[in-house]
Amino acid sequence: MATSTMKAAQYRQTSEDIASLELVDVEIPTPVPGAVVVKVKSAAVNPIDHKVMAGHMIPAGWSLPLPFTMGYDFSGIVAAVHADDQSSFKVGDAVFAVNWGSHKHDDDTSTPGGAFAEFILVSSSKLSKKPEGVTFEQAAAVALVGTTARQVTLDCAAVKNSQKVLVFGGATAVGSIVIQLAKQQGAWVATTASSRTNAYVQQFGADSIIDYTAEKWEDLDILKGIDVVIDTVGEADAFRKVRERNVLKETGRFVSIASLDAGFDPAAHPPLEYAAFFALENRVSDQDALAADLAAGALKLQIDNVFPFTAQGITDLVGACKAGKAMGKLVLNVSA
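Below, the structure is looked at part by part. (Residues numbered from 1 in each chain as written. Predicted model: local features only at pLDDT ≥ 70, side-chain atom pairs only at ≥ 80, totals over all residues. Heavy atoms only, no water.)

1. Let's talk about the overall build of the chain
Move 1: Scanning the chain from N- to C-terminus turns up 7 helices and 16 strands.
Move 2: Relative to the 2.2 N^0.38 estimate, which gives 20 Å for 336 residues, the radius of gyration of the chain is 20 Å and therefore close to what a compact globule would have.
Move 3: Taken over the C-alpha atoms alone, the chain extends approximately 65 × 40 × 40 Å along its principal axes.
Move 4: Evaluated residue by residue, the chain yields a buried proportion of 54% over its 336 residues.
Move 5: Relative to all contacts within the chain whose residues are 6 or more apart in sequence, the contacts with residues 24 or more apart total 69%.
Move 6: For the chain, the accessible surface area stands at approximately 13600 Å², while carbon and sulfur atoms represent 50% of it.
Move 7: Charged side chains of the chain number 28 positive and 38 negative; the gap between the two group centres comes to 3 Å. (Helix = DSSP H or I, 4+ residues; strand = E, 2+ residues; numbered from the N terminus. Rg over C-alpha atoms; globule rule 2.2 N^0.38 Å. Buried < 20%, exposed > 50% of the residue type's maximum accessible area, 1.4 Å probe, protein only. Contact = heavy atoms within 4.5 Å. Areas by Shrake-Rupley, 256 points an atom, 1.4 Å probe, with all protein chains shown as cover. Lys, Arg positive; Asp, Glu negative; His and termini not counted. Charge placed at Lys NZ, Arg CZ, Asp CG, Glu CD.)

See the structure below:
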């Protein structure tokens with residue numbers, strides 16, 4: 001690395017105002033045992049980015065060291081490895097990851113976030129190697145949403161063959177992957193979408209797409225006795241409605257990644273087998289499986305738009321995510 005500084009997108013205080021994001025010069029990190037420096041090529045934004053920026057997750061016990069470099073998803077090339085590092089990574093390896101902890105963004109292995117920067121220091125235990133059949137944009141785009149979708153669908157919801165699954169938010173990145181994973185498990189899947197996003201959602205293979213702008217999902221006979229409900233959008237009052245309107249089986253499973261209505265204890269609502277808010281944990285095996293599926297064409301992940309790594313580009317990227325109208329992932333092109 002010829003210079004000692006790099007550009008990074010940071011905020012110095014919590015705020016709802018994305019204009020407070022700054023593209024600043026900071027020191028390039030140096031490798032330490034157990035963590036490597038990656039030259040970032042692509043990064044991706046997620047709704048959690050602006051929620052963290054606004055300070056919404058601090059009451060939940062999430063640390064927020066300021067100034068904070070935004071972004072969790074990234075892909076790039078390993079630029080530096082410590083001489084005493086015991087991992088299998090070497091300079092020049094193409095890698096990707098979600099720089100995230102266990103069920104919240106922070107842990108004791110590395111500083112959380114940091115993806116919206118030219119270089120990132122990340123624990124080697126969180127990194128996956130990028131297959132040649134997957135672009136850097138795809139790898140960055142899939143990490144957080146794909147890991148979330150896998151853990152929600154396969155672990156929390158434990159979706160099985162012949163079960164009936166309802167997914168709130170089929171047009172979201174997580175929702176689109178949940179649909180595909182549930183179908184791979186042999187489930188019948190219904191999802192909600194608007195008339196604007198209906199055609200986009202069709203490609204993911206849901207058996208029924210409900211236009212929530214035209215009808216109330218809780219009134220539909222087709223949605224009675226559902227085995228699993230997965231909420232990716234924070235559907236208003238969904239946890240109460242699915243129980244009171246017999247949408248969800250008495251012994252079914254309810255998982256939300258966007259609403260706290262069910263609380264944090266999966267066993268708190270018997271006889272439901274599972275009902276809780278869920279946040280992902282970094283898991284390399286999930287990242288590897290997602291990359292393999294992308295490379296094989298077994299997983300669809302659409303990229304809606306790519307933004308330049310400039311102050312305006314970063315503001316536009318986060319603003320587009322906050323607006324919630326994208327059909328597919330929003331990606332930051334950090335370096336060529």
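We are not done yet, so read on.
2. Observations regarding the sheet that holds strand β13 (residues 248–256)
Move 1: The strand order β11-β10-β9-β12-β13-β14 describes an open sheet built from 6 strands, whose pairing is parallel. Taken across any chain shown, the strands that pair with only one partner, and hence form the sheet edges, are β11 (208–211) and β14 (274–277). Within this sheet the neighbouring strands show an average axis-to-axis angle of 20°, counted without direction.
Move 2: With 4 bridges connecting them, strand β10 (residues 188–193) and β11 associate as parallel partners. Each residue of the ladder has a partner; that of Ala193, found in β11, is Asp211.
Move 3: Against the sheet, helix α3 (residues 173–184) contacts β9 (164–168), β10 and β12 (226–231), and its axis sits at roughly 165° relative to β10. (Pairing = 2+ DSSP bridges. Axes fitted to C-alpha atoms, helices over the stretch in contact; angles between N-to-C directions.)

3. Quick look at the packing of helix α2 (residues 136–156) against α3
Move 1: At a minimum axis separation of 9 Å, α2 and α3 run at an interaxial angle of 45°. Compared by their axis directions, α2 and α3 come out oblique. Two packed elements cross with a definite hand, and for α2 against α3 that hand is right-handed. On α3, the residues touching Val142, Val145, Gly146, Thr148, Ala149, Arg150 and Thr153 of α2 are Ala173, Val174, Ile177, Val178, Leu181 and Ala182.
Move 2: For the contact of α2 with α3, the class distribution of residues is 9 nonpolar, 3 polar and 1 charged. (Parallel < 35°, antiparallel > 145°, perpendicular 65-115°, else oblique. Left-handed = near helix turned anticlockwise from the far one by under 90°. Nonpolar A, V, L, I, M, F, W, Y, C, P; charged D, E, K, R; others polar.)

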